[in-house]
Each structure stands twice: as structure tokens, then as C-alpha cells.
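Examining the three-dimensional arrangement
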Amino acid sequence: MVSDRIKKIKLINEFYFFRIVLQISTYFMFTFYLVLLYKETNDFKILIIDSVIFYVGLWVGFVFGSFALQRIGYVNTFRLSFIIMALAGIAIALSIPQIALLFPILSLFRGFGRGIFWPVNHTYTVREFNETERGSIISIITSTSLILDIAFPLLVGSLLSYTGDYTLIYIIGSGILITASLLKFGYNKKPTTSITSGEITSILKNKIFAKYAVLTIFNEMTGVILLFIQMILPFIITKNEGEAGAILSIINLVAAVVAYSQRKQKVRKGLGMGKYGYIFGLLASIILIFSWNIIGITISLVFVIISSALRSPLEEKLVIYIKEIMLDRQRNQSTIELNLVIETLYLIGRLIGFVIFLGFFNTFTDYEGIFKVFILIAAIWSIINIFFLVKIAKRNKKELSDLNLPPSPSELPV
């Protein structure tokens, strides 16, 4: 028993370490990447194509990482992910003058390394932690993440604004990842099951899978475009990395306050509070549509963060719970297969979303109008999505109201 408890503590500490390092490196490696590409190409269509290639690479990396973690274990798969991301960062640093030509290769490389990370992360949260542990761990990760979110966007943005040197931030980000990958850990657990087509078929035949799949695809279609807009819009309006970073830091400060206030919410109360999150999301869209300037985007993104902080914990808990329903008693056997299936749904939704988005840019020249349309669509879809998520969960669990809701990261993810 003592040995098992020590192993569990080591698993938890490893999870904390790699998640936090990933987030810190993200500020250097990903947060301003679209800004760099836009400055070098001045073409939104290139940015969209880059994102498509990145997400294809992410999916390939996810599949590769799902098989790798069974052979080399959790820790070594994390390390492999970090090493590949670091090499991608070094490649970007060396290729900035030619990035307009080399971005397809660089994007595939970036996505592949990052994709390797997530099957390990998802397997941890569903398989290695019980409900009580998961709630506590997510809360600690979220709290730490929100603190980092307040400081680092402004720090990195100001560094870029002061030096104008993107090479420097990619060298720093790569250095962080390489250093983390070289540290020693005393426990490297390997999952004991192997991926089989039979288990994937069983998941596909689950009675609620089709409903969840449709929701997931539509959610990714709107979500990935909204993320794209949120990543590039602060710079488009301010024309300055430092000011763009300051906006992100301000809204993340609001996120920290709101997330802290919601730390003890339960699903039953969360359903009531969650509706205000969707109202704030709709207001954020309306504000930005009618106030397309630095004040408008700051207020709008603050509302987006408030919306996310109120509704994301509920949505995250419902999604994890629906996954557990689909796994049923096969939690230890089919977790990796379920993650593979869901990641494939993500890819389908992302590709469809970006194809539609690119079609708009090929048809219309008013990028502001295109952004506004998709921002509004994303806000409306979020209301539709939660309605059906709750409907699926309620049909399958009477004890839904007993689920604790840990705060969920409400930063602008990458």
C-alpha cells in the first residue's frame, strides 16, 4: 500500500511538472507565432493554411504519442514531445527570414511535437486519477496556470516589442523544453493495455457516441476559429506585441478572479451560474462587433474570459463524465482508444471549420466583417452545445448534481 501511494504521488508530481512547463514554453513558442507569420506574410489566408497544417500535424503526433506511451511510458513520452517541440522552435528561430516559404514544414513539425503530449495528458486525467484526485489536481493546475497567464503574456510581448527579436523568444522557449526533458524522474509508468480495433469499434457503437461526435465536431468547427481570432486580433488592432501581451495579461487577471470565485461550484449550481456565462459570451460578441478598437477588444475579451470562467468548468466536467459513460467498465482498457477517436473528431471539426473560414476569405475582402460573423456564430453555438451536453448527461446519470466542479483553465489556449 505504501509503495502504491508513493507511486501515485510521483505520478501526480510528474503531471504537475510537465503541464506547467508546457504552459510556460507555450508563451514563447506559440502565443505570438501567428503574429510572426502575419508580419512576414501580411496574408490571413497563409495563417489559415498554416493552422490547418498545424492541426494535421497535431493529429499525427497524437496518434504517434498514443502508441509511444505504451512502449516508453508516460515520462519518456512527455520528454519526447518536449524534445521535438524544442527542435521545432530552433528550426523556426533559424528560418524566420524564410518563414513565408518554409511555414508548411515548420507548422507540421510544431503540431507533431505538441500532439505527442496530449494522449499522455488525457490518459492521466481519465485513467490514473479518480474523481476526487482529478478535481483537486485540475484546481491546482488551474490556479498555477492563471498566475502564469497574468505575468507571461505581458512579459513576452514586452520583450518582443523592446527587442523586435523573435529569434530570442524561440531560443528561450526551446531551452526551457530541453532543460525539462533532461531532468530525472524516479517513476515512469507504462500503461499495460494495447490499442485494438475491437475496442475502437465498441466505442463507435456506444449508444451516445453519435450524439457526442456531432456535438464535438461542431464545437471544434466554431472553437478553433474563435481561438484563431483571439490569438491574432489583439495584434491586428494594436499593431504592437507589447500592447497585445498587456491585453492578454489584463483579461487573464480577470479570469483568475472569476475562477477563484467559482472554485466551489457544483454542477447543479453550475448550471444556474453557467447560463450567465453564455450571456457574457453573447455580450462579448456584440461589444466587439460595434466597437472594433483597442477598448472594444479589451472589454470584449474580458467578457469572453468571464464567460469561459463561468461555463468552462461545467462543460469540462460534463465532457469527462460523458467519456466515463462511454468507457463504462472498460476504463482501464479503452481510454487510449477513446482519446484517439475523439482527437480524430477534433481534426474533422477543425478542418471543416478552417475550410469554411478560408472560403469566406476567398469570397470576401472585409476581414473585419468575417471575424465578426464567426465571433457571433461561436457565441450562439456555445449555448446550443451546453444544452445538448446536459441533455446527454442527464439521460445517463441521476447523480449529475453531485459532481464537483473544479475551476477550469480559462486562458486563451493554444
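Let me sum up the structure you'll find in this document. (Residues numbered from 1 in each chain as written. Predicted model: local features only at pLDDT ≥ 70, side-chain atom pairs only at ≥ 80, totals over all residues. Heavy atoms only, no water.)

Some points on the nonpolar core
Counting 88 residues, the largest nonpolar core has I232 and F357 as the members making the most contacts within it. The dominant element in this core, judged by the number of residues it contributes, is helix α3 (residues 44-95), at 18 residues. Within the second largest apolar cluster, 27 residues are counted, among which are L314, L338, Y346 and V390. (Core = buried A, V, L, I, M, F, W, Y, C linked by side-chain atoms within 4.5 Å. Buried < 20%, exposed > 50% of the residue type's maximum accessible area, 1.4 Å probe, protein only. Helix = DSSP H or I, 4+ residues; strand = E, 2+ residues; numbered from the N terminus.)

Considering the side chain of T26
You can see T26 is positioned in helix α1 (residues 2-29). Side-chain polar atoms of T26 contact the side chain of R114, separated by 3.2 Å. (Polar contact = N/O pair within 3.5 Å; in protein donor to acceptor, adjacent residues only side chain to side chain.)

Some thoughts on the packing of helix α2 (residues 33-41) against α3
Each packed pair of helices is defined by two parameters, the angle between the axes and the distance between the axes. Packing of α2 against α3 brings their axes to within 10 Å, and their N-to-C directions diverge by 145°. In the crossing of α2 with α3, the sense of the turn from one axis to the other is right-handed. Together, Y33, L34, L36, L37, Y38 and T41 of α2 and F44, I46, L47, D50, S51 and I92 of α3 make up the contact between the two elements. Looking at side-chain class alone, the contact of α2 with α3 contains nine nonpolar, two polar and one charged residues. (Axes fitted to C-alpha atoms, helices over the stretch in contact; angles between N-to-C directions. Left-handed = near helix turned anticlockwise from the far one by under 90°. Contact = heavy atoms within 4.5 Å. Nonpolar A, V, L, I, M, F, W, Y, C, P; charged D, E, K, R; others polar.)

Comments concerning the pattern of salt bridges
Per the counting criterion, the structure on display carries four salt bridges. R350 is the salt-bridge partner of E220, the closest N and O atoms lying 2.9 Å from each other. Separated by 130 residues along the polypeptide, E220 in helix α8 (residues 209-238) and R350 in helix α12 (residues 331-363) bring together distant segments of the chain. Take E220 and R350: they sit in the same class, and that class is buried. The partner of E343 in a salt bridge is R350, with the nearest N and O atoms 3.5 Å apart. Each member of the pair, E343 as well as R350, is classed as buried. (Salt bridge = Lys/Arg side-chain N within 4 Å of Asp/Glu carboxyl O.)

Digging into a nonpolar patch on the surface
Together, Y276, I279, L283, I286 and F290 line one region of the surface with nonpolar side chains, adding up to about 520 Å² of accessible area. You can see L283 is positioned in helix α10 (residues 267-290). (Patch = residues over 30% accessible without salt bridge, like charges linked within 9 Å, V, L, I, M, F, W, Y side chains within 5 Å. Areas by Shrake-Rupley, 256 points an atom, 1.4 Å probe, with all protein chains shown as cover.)

Overview of the environment of K190
Topologically, K190 is positioned in the loop between α6 (166-182) and α7 (197-204). With 121 residues separating them along the chain, K190 and L69 place their C-alpha atoms 6.7 Å apart. In contact with K190, other than residues within four places in its own chain, are L69, Q70, R71, I72 and G73.

Considering the packing of α3 against α6
At a minimum axis distance of 8 Å, the contact between α3 and α6 shows a crossing angle of 160°. Judged by the angle between their axes, α3 and α6 are roughly antiparallel. In this structure, α3 crosses over α6, and the sense of that crossing is left-handed. On α6, the residues that touch R79, F82, I83, M85, A86, G89, I90, I92 and A93 of α3 are T167, Y170, I171, S174, L177, I178, A180 and S181. Per-class residue counts for the contact of α3 with α6 are twelve nonpolar, four polar and one charged. (Parallel < 35°, antiparallel > 145°, perpendicular 65-115°, else oblique.)

Looking at the packing of aromatic side chains
Here the structure, examined in full by the defined rule, presents 29 aromatic pairs. Considering the side-chain rings of F18 and F78, the 4.7 Å spacing of their centres and the 25° angle between planes classify their relative orientation as stacked. Linking F18 in helix α1 with F78 in helix α3, this pair joins segments that are 60 residues apart in sequence. Grouping residues by exposure puts F18 and F78 together as buried. The side chain of R110 reaches across the aromatic face of Y33, ending 3.7 Å from its centre. Over the ring of F30 we find R114, and its NZ or CZ is 4.4 Å from the ring centre. (Phe/Tyr/Trp six-rings, centres within 6.5 Å; stacked < 30°, edge-to-face > 60°. Lys NZ or Arg CZ within 6 Å of the ring centre and 35° of its normal.)

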